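Chain by chain, the residues run as shown.
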Amino acid sequence: MWTSSDPPSGGCEPPSVVHGPSRPFQSIESQELALREAAFRALVENVSEAIAVFDLDGTVLYANRVMEDLAGPCVGERLDGVARERVHPEDQVALRDAWLAAAAADGLRERTEVRMHAAGRHWAVLEVSIGNRVAEPAIRGMVVTVRDVTEQRQAEQRAQWASRQWQQLSGDAISISDVQGRVLFWNQGSERMFGWTADEMLGRPTRTIPPDRRAERRRHWLAVTRNRTHVSYETERLTKDGRRIPCLVTHSALLGEDGVGGVLTIAKDMSAHRELEEKSKALALMQERERIAMDLHDGIIQSLYAIGLSLGALSLPQSRQQPAAGTLREAARSIDETIDHIRRYISELRSPDDGLQRDAAVAIQAVVEDVQARSPIAIETDYRFSLPLKLPSATVSHLVSIVHEALSNSLRHAEASALFVSLAAERRMVRLVLGDNGKGFSARRSGRRAGDGIGNMRARAKAIQAKLEIVSRPGAGTRVCLALPLEET
Ligand SMILES: Nc1ncnc2c1ncn2[C@@H]1O[C@H](COP(=O)(O)OP(=O)(O)OP(=O)(O)O)[C@@H](O)[C@H]1O
Ligand SMILES: [Mg+2]
């Protein structure tokens, strides 16, 4: 299959130079030929390339040592057989075509590249050159030279990979300038970010520096070139259409043989980053506002309610002079306490005590006692905990507010004759139940919220990863149940 249908010009005798026996009687012509054959042989044995001579049928007539090192002993083998066995299937057609093209006429030379199992490599990359020297009396065959270019191709592939990576970095604007600041390299990322094409930039000073940033840039540029170092700074750059974009710019000195030869600049567009920063600031602000609103509602407003209730009672006809004085004293004390509370709150806002721990059980009992002190209705308590219940102070604040709101709701809305509080702390869970035997309410109806209290209780429970359940039915009292999982210590 590897022979051409048109016989090539020139003879097709195998070259006697290589394998023919020496002949006893030689004409002058044949002596000269023998000398030329010997010279050819000496030559091919001493070159660094792998050389083989084939007859036109593709049988190896001669192979030099380098070829045998590469392909193993191959004299007498056929090229099509070798190709089938050892050349990469994708490259076999190219090799055959090169052979046929070269075999078509004397003096033709064809080149191709094939991957082949050779020289102990899995796939060596071989550059194959096939020359038709059939008409050359000293050769009379097809001369195939092979060069192992595996390492060269691997190096090229690595370089291509690196250059692709470089281009893919084009999310960032990368440029190189000479020390005078003239742009020598301007990647696609620069084109995309700033709008100027490489053609518009190359050989000229960059046009991306806003006038009010020139001094800053000059300062960094000088520092980099004088100290042979690099510097990063946040700044702004100008686009072709006049927009200013926030950028993180890095200049690095590129060292040549005679010192700094240029400066590599990488500019990263920080717009998205800035936007995200603004959004998270706005979110944090909103959350903080929400927290303050909740705290004002659950703490201060509830205290003022209680004061309002007790003062309101004075207007009832049955109130007499003596209890009124007591109520007024109590109200004044509560107002003082509320003022204290506001002061503590303001100071906590200024310097939050993040990371501190408080005993939740002590804090909860204190609230219950405080509410009891102001309420004519008995609060039955059931405390079951043996551990000190140290929790983060923010968690304790949420718990205290929930207790306060639930008891306050029972006093204000339930028309109950008894309230109850139970607190049980196990190793992994704190369970808190706050209830009354009052008129109850339909949780669904209170979906249209009369106030913020229940919503706040739920938000606080969520903030401390606790489960909150309000069980209430008209006429059957109300229970607010909270389960707070504890981290294992
Ligand atoms: N223990 C309870 N017994 C009867 N009704 C209750 C009880 N707790 C809440 N409610 C009903 O649910 C409504 C919503 O309670 P929520 O605490 O959200 O608001 P509020 O107490 O009316 O106002 P705020 O808490 O903002 O001062 C109350 O107005 C009341 O009708
Ligand atoms: Mg309420």
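Sequence order sets the numbering: in each chain, residues are counted from 1 along the sequence as written. Numbering of ligands from 1 and lettering of chains from A proceed in the order in which they are written. Local features in a predicted model are, by the rule used here, given only for residues with pLDDT of at least 70; side-chain atom pairs are given and counted only at 80 or more, and totals for whole chains, interfaces and linings are based on all residues.

**Student:** Explain the overall build of the protein chain here, please?
**Tutor:** Here a helix means four or more residues in a row that DSSP labels H or I, a strand means two or more in a row labelled E, and each is numbered from the N terminus. Scanning the protein chain from N- to C-terminus turns up 14 helices and 17 strands. C-beta atoms are first placed from the backbone for all residues, and any pair lying within 7 Å is then listed as a contact. For the protein chain, contacts bridging at least 24 residues in sequence account for 57% of all contacts bridging at least 6.

**Student:** What exactly am I supposed to notice about the packing of helix H10 (residues 271-313) against helix H13 (residues 393-413) here?
**Tutor:** For the pair H10 and H13, interaxial distance at closest approach is 10 Å and the crossing angle is 40 degrees. It follows from the interaxial angle that H10 and H13 lie oblique. Relative to H13, H10 is oriented so that their crossing is left-handed. Where H10 approaches H13, its residues Asp 298, Gly 299 and Gln 302 are matched on the opposing element by Ser 401, His 404, Glu 405 and Ser 408. Polarity classes work like this: nonpolar for Ala, Val, Leu, Ile, Met, Phe, Trp, Tyr, Cys and Pro, charged for Asp, Glu, Lys and Arg, and polar for all others, with Gly in that last group. In terms of residue class, the contact of H10 with H13 is made up of no nonpolar, five polar and two charged. For every element, the axis is a line fit to its C-alpha atoms; helices are fit only across the contacting stretch, and the angle between N-to-C directions ranges from 0 to 180 degrees. Note that the term roughly parallel is reserved for angles under 35 degrees, roughly antiparallel for angles over 145, roughly perpendicular for angles of 65 to 115, and oblique for everything else. Take the far helix as your reference; a near helix turned counterclockwise from it by less than a right angle gives a left-handed crossing, and one turned clockwise gives a right-handed crossing.

**Student:** Would you mind showing me how to read the environment of Lys 439 here?
**Tutor:** Checked against the element boundaries, Lys 439 lands in the loop between strand S15 (429-436) and helix H14 (453-463). Residue burial here comes from a neighbour count, namely the number of other C-beta atoms, placed from the backbone, that lie within 10 Å of the residue's own C-beta, with 20 or more meaning buried, 12 or fewer meaning exposed, and in between meaning partly exposed. For Lys 439, a count of 16 C-beta atoms within 10 Å translates into the label partly exposed. Residues Lys 439 and Ala 476, 37 residues apart in the sequence, show an inter-C-alpha distance of 6.1 Å. Leave out the neighbours within four places in its chain, and Lys 439 touches Ala 414, Glu 415, Pro 474 and Gly 475.

**Student:** For this particular structure, what's the right way to read the packing of H13 against H14?
**Tutor:** The geometry of a pair of packed helices is captured by two quantities: the angle between their axes and the separation between those axes. In contact at an axis separation of 10 Å, H13 and H14 are set at 155 degrees when each is read in the N-to-C sense. As summarised for this structure, H13 and H14 are arranged roughly antiparallel, according to the angle between their axes. For the pair H13 and H14, the sense of crossing is left-handed. Contact residues: H13 offers His 398, Ser 401, Ile 402, Glu 405, Ala 406 and Asn 409, while H14 offers Gly 453, Asn 456, Met 457, Arg 460, Ala 461 and Ala 463.

**Student:** Quick question: what am I supposed to make of the sheet that holds strand S14 (residues 418-425) here?
**Tutor:** Remark on secondary structure: sheet strands pair via backbone hydrogen bonds, oriented parallel or antiparallel. Between any two strands, at least two bridges found by DSSP are needed for them to pair. Strand order in this open sheet of five strands is S12-S14-S15-S17-S16, and the pairing throughout is mixed. Strands at the two margins of the open sheet, each flanked by one partner only, are strand S12 (378-384) and strand S16 (467-472). When the angles between neighbouring strand axes are averaged without regard to direction, this sheet yields 10 degrees. Two strands pair when backbone bridges link them, and S15 and strand S17 (residues 478-485) are joined in this way by eight bridges, in the antiparallel orientation. Bridging from a neighbouring strand, Leu 434 pairs with Val 480 of S17. Against the sheet, H14 touches S16 and S17, its axis set at about 150 degrees to S16.

**Student:** Honestly, the sheet that holds strand S9 (residues 244-256) in this entry has me stumped. Any pointers?
**Tutor:** Reading across the sheet, the five strands line up as S7-S6-S10-S9-S8 and stay open at both edges, with antiparallel pairing between neighbours. Each edge of the sheet is formed by a strand with only one pairing partner; in this case those strands are strand S7 (183-186) and strand S8 (230-238). In this sheet, neighbouring strand axes are inclined to one another by 25 degrees on average, regardless of whether the strands run parallel or antiparallel. Relative to strand S10 (residues 259-269), S9 runs antiparallel, the two being bridged by ten bridges. Directly across from Leu 248, in S10, lies its bridge partner Lys 268.

**Student:** Sorry if this is basic, but what is going on with the environment of Gly 72 here?
**Tutor:** Examined against the element boundaries, Gly 72 turns out to sit in the loop between helix H3 (65-71) and helix H4 (79-86). Measuring from C-alpha to C-alpha, the distance between Gly 72 and Ala 118 comes to 8.0 Å, with 46 residues separating the pair along the chain.

**Student:** When you look at the pairing of strand S6 (residues 173-178) in this model, what are you seeing that I'm missing?
**Tutor:** Along a regular strand, successive side chains alternate from one face of the sheet to the other. Summarising the sheet, S6 and S10 pair through six bridges and their orientation is antiparallel. From the neighbouring strand, Ala 173 faces S10, where its bridge partner is Ala 267. In this sheet, S7 lies alongside S6 in antiparallel orientation, the contact comprising three bridges. Bridging from a neighbouring strand, Ser 175 pairs with Trp 186 of S7. In this structure, the hairpin formed by S6 and S7 is closed by a connection of four residues, where Gly 181 is found at a positive phi of approximately 95 degrees.

**Student:** Before we go on, may I ask you to explain H14 in this structure?
**Tutor:** Each full turn of the α-helix corresponds to 3.6 residues, which orients residues three or four apart in the same direction. For H14, the complete set of buried residues consists of Gly 453, Ile 454, Asn 456, Met 457, Arg 460 and Ala 461. One face of H14 carries all of its buried residues, which in axial projection span an arc of 160 degrees. Where H14 is buried, its residues contact H10, H13, S16 and S17. Following H14 by one or two positions, Gln 465 has its phi on the positive side, about 55 degrees. When we speak of the arc, we mean the arc of directions from the helix axis to the C-beta atoms.

**Student:** I'm lost on the pairing of S16 in this one. Help?
**Tutor:** Alignment of S16 against S17, held across six bridges, turns out to be antiparallel. For Ile 470, the partnering residue across the bridge sits in S17 and is Val 480. Hairpin geometry of S16 and S17 is characterised by an intervening segment of five residues between the two adjacent antiparallel strands and by a positive phi of about 85 degrees at Gly 475.

**Student:** Please clarify how the confidence of the model for the protein chain should be interpreted in this entry.
**Tutor:** Regions with low pLDDT should not have their predicted coordinates read in detail. One number per residue, pLDDT, summarises how confident the predictor is, and it ranges from 0 to 100. When pLDDT is averaged across the protein chain, the result is 84; 88% of the residues are at 70 or more. Here helix H1 (residues 16-19) stands out as the element of the protein chain with the lowest mean pLDDT, 31, in contrast to S17, whose mean of 96 is the highest. Overall, residues 3-25 carries pLDDT values under 50, and its contacts beyond four positions in sequence, including any with other chains, amount to 46 contacts.

**Student:** In this structure, what is going on with the environment of Pro 352? I would like to understand it.
**Tutor:** Relative to the helices and strands, Pro 352 is located in the loop between helix H11 (321-350) and strand S11 (357-359). Assessed through the 11 C-beta atoms surrounding it within 10 Å, Pro 352 is described here as exposed. Spatially, the C-alpha atom of Pro 352 lies 10.0 Å from that of Ser 393, the residues being 41 residues apart in sequence.

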